[in-house]
Amino acid sequence: MPTLQVFQPPLVAILRGLEPERAADVGQVLFDAGFRILEVPLNRPGALDCIASLAACAPADALIGGGTMLTHADADAVHAAGGRLMVAPNCNPAVIRHAVARGLLTAPGIATATEAFAALDAGAHALKLFPAEALGVGGMKALISVLPAGTPLWPVGGVTPQSIGPWLRAGATGFGIGSQLFQPGMSLQAVGSAAREFLAAWADAQPR
């Protein structure tokens, strides 16, 4: 199984409410801009159809998966649709272990050290810091101080192009980006423009 570090940049496009009939077009716009990790949350209609459509058109260096994955059945369904990424808002060690066994890369949600270590013990490949806007940079720094060195940590919730720099300087290694990047009904032009803005902010924030 490849590691999540293979898929660069580590910016996850969270496509909540994506319509199946638009999935391929929205995905292509994001791929063209440079995004390589796309997540469709399962708590909206048509999510599995969207995952299948994205997986069919994704470049070889892209990773497609599901979000809001809460059960063993969710992991099975996303895998069957062609997804290879499991993202969740919570830490359920049994679901993490099942997803790993199915061959999915996993990024469960954590907000405490207890959840973080439980997720890592279950085989999580990255930790989704959620909700990031509530925990803040200070909360993330406290977690980093006790986590194993090199643990991938992705703030999710309220991430903007302007906040990427401060999060990265505090130790974040990637991000999940939702409504600032995509909302149902957004034009393809608007999605592409937002995608390029986030990618530019990521590039500008890299150490020189």
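This section reports on the structure supplied with the text. Small disclaimer: the values here were computed from a predicted structure and weren't measured.

### Considering the packing of aromatic side chains
Under the counting rule described, the total for this entry stands at one aromatic pair. When the ring of phenylalanine 175 is compared with that of tryptophan 202, the centres are 6.3 Å apart and the planes differ by 85°; the resulting orientation is edge-to-face. Residue phenylalanine 175 is found in strand S9 (residues 175-177), and its partner tryptophan 202 is found in helix H8 (residues 188-204); the two are separated by 27 residues along the sequence. For the pair phenylalanine 175 and tryptophan 202, one class covers both residues: buried.

### Some points on the state of the cysteines
Scanning the model with the defined rule gives zero disulfides in all. Cysteine 50 takes part in no disulfide bond, and the closest cysteine sulfur to it belongs to cysteine 57, at a distance of 11 Å. On the basis of relative accessible area, cysteine 57 is assigned to the partly exposed category, the value being 25%.

### Quick look at the nonpolar core
Counting 60 residues, the largest nonpolar core has Leu30, Phe35 and Phe175 as its most contacted members. No other element matches H8, which puts seven residues into this core. Not counting residues within four places of it along the chain, the set of residues in contact with leucine 30 comprises Ala13, Leu15, Phe35, Leu38, Leu181, Val191 and Ala195. Judged by nonpolar contacts, the second largest core, of 13 residues, contains Val12, Val87, Leu105 and Ala126.

### Concerning the sheet that holds strand S5 (residues 105-107)
Reading across from one edge, S5-S4-S3-S2-S1-S9 is the order of the six strands in this open sheet, with parallel pairing throughout. The strands lining the two open edges of the sheet, one partner per strand, are S5 and S9. Averaged over all neighbouring strand pairs, the angle between strand axes comes to 25°, with direction disregarded.

Definitions and cut-offs
- Residues numbered from 1 in each chain as written.
- Predicted model: local features only at pLDDT ≥ 70, side-chain atom pairs only at ≥ 80, totals over all residues.
- Heavy atoms only, no water.
- Phe/Tyr/Trp six-rings, centres within 6.5 Å; stacked < 30°, edge-to-face > 60°.
- Helix = DSSP H or I, 4+ residues; strand = E, 2+ residues; numbered from the N terminus.
- Buried < 20%, exposed > 50% of the residue type's maximum accessible area, 1.4 Å probe, protein only.
- Disulfide = S-S within 2.5 Å.
- Core = buried A, V, L, I, M, F, W, Y, C linked by side-chain atoms within 4.5 Å.
- Contact = heavy atoms within 4.5 Å.
- Pairing = 2+ DSSP bridges.
- Axes fitted to C-alpha atoms, helices over the stretch in contact; angles between N-to-C directions.

Taken by themselves, the reported measurements are silent on function.
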